[in-house]
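Working through the structure, step by step
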Amino acid sequence: MQLSDKKATLSFSDGSPSIEFPVYQGTVGPDVIDIRKLYGQSGMFTYDPGFMSTASCESGITYIDGDKGELLYRGYPIDQLAQKCDFLDICYLILNGELPNETQKAEFDSNVTHHTMVNEQLHFFLRGFRRDAHPMAVLTGLVGALSAFYHDSTDITNPHHRHVSAIRLIAKMPTLVAMAYKYSQGQPFIYPQNDLSYTGNFLRMMFATPCEEYKVNEVVERALDRIFILHADHEQNASTSTVRLCGSSGTNPFAAIAAGVGCLWGPAHGGANEACLQMLEELQANGGVAKVGEFMEKVKDKNSGVRLMGFGHRVYKNYDPRAKLMQETCKEVLSALGLENDPLFKLAMELERIALEDQYFVDRKLYPNVDFYSGIVQRAIGIPTSLFTAIFALARTVGWIAQWSEMLSDPDYKIGRPRQLYTGAQTRDVPSNRG
Ligand code: CMC
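Just so you know, these numbers come straight off a predicted model, no measurement behind them. (Residues numbered from 1 in each chain as written. Predicted model: local features only at pLDDT ≥ 70, side-chain atom pairs only at ≥ 80, totals over all residues. Heavy atoms only, no water.)

1. Side note on the overall build of the protein
Scanning the protein from terminus to terminus reveals 18 helices and 6 strands. Taking 22 Å as the expected radius of gyration for a compact globule of 435 residues, we find that the protein reaches 24 Å, a close match to that expectation. Here the C-alpha coordinates of the protein stretch approximately 80 × 65 × 55 Å along the principal axes. Split into buried and exposed, the 435 residues of the protein put 47% on the buried side. Of the contacts made within the protein by residues no fewer than 6 positions apart, 69% connect residues no fewer than 24 positions apart. Across the protein, the 41 positively charged side chains and the 50 negatively charged ones have centroids separated by 5 Å. (Helix = DSSP H or I, 4+ residues; strand = E, 2+ residues; numbered from the N terminus. Rg over C-alpha atoms; globule rule 2.2 N^0.38 Å. Buried < 20%, exposed > 50% of the residue type's maximum accessible area, 1.4 Å probe, protein only. Contact = heavy atoms within 4.5 Å. Lys, Arg positive; Asp, Glu negative; His and termini not counted. Charge placed at Lys NZ, Arg CZ, Asp CG, Glu CD.)

Written out as structure tokens, the structure is:
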């Protein structure tokens, strides 16, 4: 970051002396006021509970311009990356800062491919769960458990350990997600197959059985690969900030990523894709397109507690560029699978049409986000609704691990320790009659 010529001055209405703060510039986007010395100089904290105006770190990985609806990974626009790269190109880019050349790509792909198997003991660990456990509960446990299985890559001060743990996490997530699914179905686990692509291998581990050959459908493979690309990183969102905060204590990467998985599960974050599809299915069962108007009235009524899932975003105040690409993929997949008349897709399009014209949504700048169409794509390719957020976690793992690694390399990095505005009881004595 670069020091700006500009300075920020904080003045007080009670005559206390004003304080000057340095301002730093990034490459694009808002400047930041460096308030690290505020408490020392004034005895006051800043107050920003939802991080509405707070940059929690310096980062060179992902950039979002919410007003323009722009998303860049390492400077490259998401639509160009989605059209020209596969998911492992994106992983390499996010981790290393540049797209791989041919040799680097072949080496990286082979490295990831040769780490996809998991320690056989993990099968027994998984068997401790109920078969009807939610896949995100299982995944939180499995990812946390990796630190018990791979001690040889948990020394965060060792760059080789950090590299190996990154590769292991990216490589093993599809295996763990597919295992969680197979377990819920009471089917045998399918081992990874090294001559398939990252995404093709995941599809096979999900849908093959030992009884017959499984052929990867290229359209489905491309669509799922795109879902992975679109979810790979997203700046300092809730789960990424969780991974950074958890990792800031010096814990091992598997523990930090398990914390991210837990955070992602919530319906305001990664859980929105599952919630969005459930909303569409419920609306379809209760009258479909004919009832959209009535449903929208409920969404706009603050007392109903109903939100249009897959709509709105803290940062995007314009169309989420990922939603545009996801809508395109949705059309492609439905047409390739002969599902052009899918009623849920029609319903989603109608909801979007009405929302984009409605003053409630216009005034609040609410647009479809990535989760609005991703559930329809996943459902079309046979992924059960309860697994949607686990797929998101699989894809976001590279972002989490890159952000964690970037934090550890930052000379300004300290354990994250927010403060508070205390509004509880003042010091008081325990009553004398309590012994
Ligand atoms: N449906 C109806 N009203 C909404 C919605 C929605 N989906 N989203 C926001 N609003 C209204 C909200 O009621 C508020 O209105 P008012 O100003 O009158 O009180 C206004 O818009 C601002 O909302 P907010 O909750 O203060 O905004 P936020 O930035 O804190 O929340 C959000 C962002 C994503 C949590 C929220 O838009 C939401 O709950 N959306 C639905 C869940 C969803 O799709 N989440 C996925 C996010 S993208 C994937 C990811 O990154 O995980």
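Still more ground to cover, so stick around.
2. Some points on the packing of helix α10 (residues 238–247) against helix α18 (residues 388–409)
Packing of α10 against α18 brings their axes to within 9 Å, and their N-to-C directions diverge by 40°. The angle between α10 and α18 falls in the class oblique. Viewed along their axes, α10 and α18 form a crossing whose handedness is right-handed. Judged by residue contacts, Ser239, Thr240, Val243, Arg244 and Gly247 of α10 engage Arg396, Trp400, Gln403, Trp404, Glu406, Met407 and Leu408 from α18. Split by residue class, the contact of α10 with α18 holds 5 nonpolar, 4 polar and 3 charged. (Axes fitted to C-alpha atoms, helices over the stretch in contact; angles between N-to-C directions. Parallel < 35°, antiparallel > 145°, perpendicular 65-115°, else oblique. Left-handed = near helix turned anticlockwise from the far one by under 90°. Nonpolar A, V, L, I, M, F, W, Y, C, P; charged D, E, K, R; others polar.)

3. What about the site of the ligand?
Around the ligand sit 21 residues, and of these His269, Lys302, Arg307, Leu308 and Arg314 come closest. Residue Ala268 places a main-chain N or O atom 3.2 Å away from a nitrogen atom belonging to the ligand. Between Tyr360 and the ligand, the recorded distance is 2.8 Å, taken from a side-chain N or O atom to a nitrogen atom. Considered on its own, the ligand offers 940 Å² of accessible surface; in the complex 75% of this is hidden by protein. In the shell around the ligand, the residues fall into 10 nonpolar, 6 polar and 5 charged. (Near = heavy atom within 4 Å. Polar contact = N/O pair within 3.5 Å; in protein donor to acceptor, adjacent residues only side chain to side chain. Areas by Shrake-Rupley, 256 points an atom, 1.4 Å probe, with all protein chains shown as cover.)

4. With respect to helix α8 (residues 198–207)
Taking burial as the measure, the 10 residues of α8 include 9 buried ones, the bulk of the element. Buried within α8 we find Tyr198, Thr199, Gly200, Asn201, Phe202, Leu203, Arg204, Met205 and Met206. Packing partners of the buried residues in α8 comprise α3 (87–96), α4 (102–113), α7 (159–185), α9 (218–230) and α18.

5. Brief notes about the environment of Arg130
Of note, Arg130 is situated in the loop between α5 (121–126) and α6 (135–149). For the pair formed by Arg130 and Tyr183, sequence separation is 53 residues and the distance between their alpha carbons is 9.2 Å. Looking at Arg130, its side chain comes within polar contact range of the side chain of Asp132, at 2.8 Å.

6. A look at unusual backbone geometry
Non-glycine residue Arg74 carries a positive phi angle of around 50°. With respect to the secondary-structure elements, Arg74 resides in the loop between β5 (70–73) and β6 (76–77). We classify Arg74 as partly exposed; its relative accessible area is 24%. Even without being glycine, Glu235 reaches a positive phi, approximately 60°.

7. Considerations on the pattern of salt bridges
Taken as a whole and judged by the stated rule, the model has 19 salt bridges. For Lys291, the salt bridge identified is with Glu294, shortest N-O distance 3.6 Å. Judged by its relative accessible area of 33%, Lys291 falls in the partly exposed class. For Glu294, a relative accessible area of 53% corresponds to the exposed category. With a shortest N-O distance of 3.4 Å, Lys300 and Glu297 are connected by a salt bridge. Here the residue Lys300 and the residue Glu297 both occupy positions in helix α13 (residues 292–300), the gap between them amounting to 3 residues, near one helical turn. What makes Lys300 partly exposed here is its relative accessible area of 23%. Taking relative accessible area as the criterion, Glu297 reaches 49% and is therefore assigned partly exposed. (Salt bridge = Lys/Arg side-chain N within 4 Å of Asp/Glu carboxyl O.)

8. Things to note about the environment of Asp109
Along the polypeptide, Asp109 turns up in helix α4. Between the C-alpha atoms of Asp109 and Glu357, which are 248 residues apart in sequence, the distance is 45 Å.

9. Notes on α18
Across its 22 residues, α18 extends 32 Å between first and last C-alpha, which sits within 8% of the 32 Å expected from 1.5 Å per residue. Arg396 marks the point of greatest bend in α18, at about 40°. (Expected span 1.5 Å × (residues − 1). Bend = angle between axes of the 7 residues up to and from the residue.)

10. Observations regarding the nonpolar core
Within the largest apolar cluster, 118 residues are counted, with the highest numbers of intra-cluster contacts made by Leu139, Leu280, Leu308 and Leu351. If one sorts the elements of this core by residue count, α18 sits on top with 14 residues. Residues Ala8, Phe12, Ile19 and Leu38 belong to the second largest nonpolar core, which totals 6 residues. (Core = buried A, V, L, I, M, F, W, Y, C linked by side-chain atoms within 4.5 Å.)

11. Looking at the sheet that holds strand β2 (residues 19–25)
Taken in spatial order, the 3 strands make up an open sheet running β1-β2-β3, and their pairing is antiparallel. Looking along the sheet, the strands with just one partner apiece sit at the ends: β1 (2–10) and β3 (32–33). As paired elements, β2 and β3 share 2 bridges and run antiparallel to each other. Within β3, the residue paired with Val23 across the bridge is Ile33. (Pairing = 2+ DSSP bridges.)

12. Notes on the packing of aromatic side chains
Taken as a whole and assessed by the stated rule, the structure comprises 15 aromatic pairs. Plain terms: the ring middles of Phe87 and Tyr198 are 5.3 Å apart, the flat faces sit at 40° to each other, and that makes the pair tilted. Highlighted residues: Phe87 in helix α3 and Tyr198 in helix α8, separated in sequence by 111 residues. Per residue, the accessibility class of Phe87 equals that of Tyr198, and both read buried. A centroid spacing of 6.2 Å and a plane angle of 80° characterise the contact between Tyr198 and Phe228, whose relative ring orientation is edge-to-face. (Phe/Tyr/Trp six-rings, centres within 6.5 Å; stacked < 30°, edge-to-face > 60°.)

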